[in-house]
Amino acid sequence: MRRRAAHLGISTRHAFQNLPLLSFSVPKPSNPSRPSAIRGPRAHGRRTVLTPAPSHTQTTPYKSIPSRCQPVPPPSTPHVIGTPPPQIPPNIPSHRELRLRLYKENRSARAASPHPSKPKPSPSPLQSSDRLAQIAADSIRFLDGMATKRSVGTLGEADLKGKKVFVRADLNVPLDDAQKITDDTRIRASIPTIKYLLEKGAKVILASHLGRPKGVTPKFSLKPLVPRLSELLGLEVVMAPDCIGEEVEKLAAALPDGGVLLLENVRFYKEEEKNDPEFAKKLASVADLYVNDAFGTAHRAHASTEGVTKFLMPSVAGFLMQKELDYLVGAVANPKKPFAAIVGGSKVSSKIGVIESLLAKVDILILGGGMIFTFYKAQGLAVGKSLVEEDKLELATSLIETAKSKGVKLLLPTDVVVADKFAADAESKIVPATAIPDGWMGLDVGPDSIKTFAEALDTTKTVIWNGPMGVFEFEKFAAGTDAIAKQLAELTGKGVTTIIGGGDSVAAVEKAGLADKMSHISTGGGASLELLEGKPLPGVLALDEA
Ligand SMILES: Nc1ncnc2c1ncn2[C@@H]1O[C@H](COP(=O)(O)OP(=O)(O)OP(=O)(O)O)[C@@H](O)[C@H]1O
Ligand SMILES: O=C(O)[C@H](O)COP(=O)(O)O
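Below: a short report on this structure. Because the structure is predicted, anything quoted here is derived from the model rather than measured.

Right, let's talk about the site of ligand 1 for a bit. The environment of ligand 1 is formed by 23 residues, the closest being Lys351, Glu473, Gly503, Asp504 and Ser505. In the model, an oxygen atom of ligand 1 is placed 3.0 Å from a nitrogen or oxygen of the Asp504 main chain. Considering ligand 1 on its own, with 640 Å² of exposed area, one finds that the protein chains cover 96% of that surface. For the shell around ligand 1, the elements supplying multiple residues, two or more each, are β15 (441-445) and α15 (503-511). Here the shell around ligand 1 gets three residues from one element, more than from any other, and that element is α15. Of the residues assigned to the shell around ligand 1, the class counts are five nonpolar, 11 polar and seven charged.

Let us now look at the site of ligand 2. Near ligand 2 you find nine residues, and of these Asp170, Asn172, Arg212, Arg267 and Arg300 are the closest. His209 places a side-chain nitrogen or oxygen 3.0 Å from an oxygen atom of ligand 2. Arg212 has a polar side-chain atom sitting 2.7 Å from an oxygen atom of ligand 2.

Once the charged atoms of two side chains with opposite charge are near each other, the side chains can pair. Throughout the structure, instances matching the rule amount to 19 salt bridges. Of the charged contacts, one joins Asp257 and Lys161 as a salt bridge, the two residues approaching to 3.4 Å between their closest N and O atoms. Of this pair, Asp257 sits in the loop between α6 (246-254) and β7 (260-262) while Lys161 sits in the loop between α3 (157-160) and β3 (164-168); the two residues are 96 residues apart in sequence, bridging distant segments of the chain. Here Asp363 and Lys337 are joined by a salt bridge, their closest N and O atoms 3.3 Å apart. Residue Asp363 is found in the loop between α10 (352-359) and β11 (364-367), and its partner Lys337 is found in the loop between α9 (319-333) and β10 (339-343); the two are separated by 26 residues along the sequence. What you see here is one network of salt bridges that share partners, running through Asp184, Arg188, Arg228 and Glu231.

Here is what the cut-offs are and how they apply
Residues numbered from 1 in each chain as written. Chains lettered and ligands numbered in written order. Predicted model: local features only at pLDDT ≥ 70, side-chain atom pairs only at ≥ 80, totals over all residues. Heavy atoms only, no water. Near = heavy atom within 4 Å. Polar contact = N/O pair within 3.5 Å; in protein donor to acceptor, adjacent residues only side chain to side chain. Areas by Shrake-Rupley, 256 points an atom, 1.4 Å probe, with all protein chains shown as cover. Helix = DSSP H or I, 4+ residues; strand = E, 2+ residues; numbered from the N terminus. Nonpolar A, V, L, I, M, F, W, Y, C, P; charged D, E, K, R; others polar. Salt bridge = Lys/Arg side-chain N within 4 Å of Asp/Glu carboxyl O.

Here's what the structure looks like:
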């Protein structure tokens, strides 16, 4: 008899006292299919994209959610951009400064959301209906604020011709040891905004970070990106030796209409991450207006993503930023129902916020990946050597109960693929979730679970996926993740909105060659997670209202 997926209040909850206390942390595997030479910005972080992206671009027409991110005609009354009048005495604010001050004050007064640099303290993870209702209300208020930002598409030729536009993109792409780009998705994703600005006669001053350098570090230079950027834009991008200073000023001043100047890594200055106002002012000093297209970095309140908006007007969202918000905010705030979330990945602790937030919105929640063993153990099941977070057992129980009280169909895998060790060539077998043998560890979801998940997903209209179902970097334990990727691709073809967020799930979809089959692939791992958690993104909040 085929086992059913464990539904929330599964009857196998036992007392914990007879359980062995197992806990260990599983390192991320070095992926055998990935050239060992690959390193890059994410090498220090949480992921490295495994394979070069397929040749689709982010300009693929959106499939289901009406998008605000296509270029829209300029407003009938063109926005007037101020220019400094000559010879103002130093202590008297210039006309431009006064206008800026007024403009920023008005904007702050309009912004009802809390200041991004002072996020609310994290609440207790333990759930109650009240708390969940609060999460839902907070998140809707916050999403409202995010969804109404002014788009670059509202700027026409009258606003842009001859103007210097500071464009913050997220060009944080992986490079190998030979400084070769191994995944150019983020570069391609930044092109529509830049092209639009160039077509309107603007001069683009392009800024980004790359990796997490400590001071000036040649291997984190943006220079290797120049050829690919130039190729995609069809023009010669000029590389600046720095992101602030005299040389940058000279190059910016010499830029022709329709020209692009790429600034050097903004993180070569520690002031960038500190959101230092003086540094932000220096960045802003070479430009007339600001476009933020760096969705991947929108969760950081840095000088080039947040601080700079205090010195440039207007400050608007680029097309990629708009597209990300349209999909992610659209899915969370106004999903077509039934709405399902698939949450996987290694640990419950890294996904608590996202699970809590999604429980307030979804009809179906499918859990996979390493986190399921904490749920199993919380229900009194033996988990062998599987990944368990002992201090999250209570939380897992509480999440199960919350799902039950909200009427959310919570599906945990009913069978798992277990291995005798954490290795690509491990001995493996499929066992029921209720019978994980001692000494074995679960590294993927089993075939029965895949079938049950597929049946549930077949009923949906919107699906968000964050985090792989198993250790997909090892071929032997990639079946669960591949099956989800394949099914989501098929569902997209049938009109279901499918959204993939999270670095590793995106990498898995790309590895399967299915990225261009999904409704939306987010370019932001951390940013999409924070957005789904209902956290404000400072880089978005700082932008002008529509
Ligand atoms: N059963 C398991 N045991 C141990 N690790 C697992 C298991 N299943 C999946 N993982 C690991 O989880 C990792 C991905 O988890 P993570 O939470 O980082 O996903 P993500 O949100 O998609 O990516 P990111 O956090 O980079 O944005 C993968 O490296 C995968 O090998
Ligand atoms: O790769 C990312 O998630 C973004 O570029 C942000 O990078 P960070 O995590 O180093 O701020």
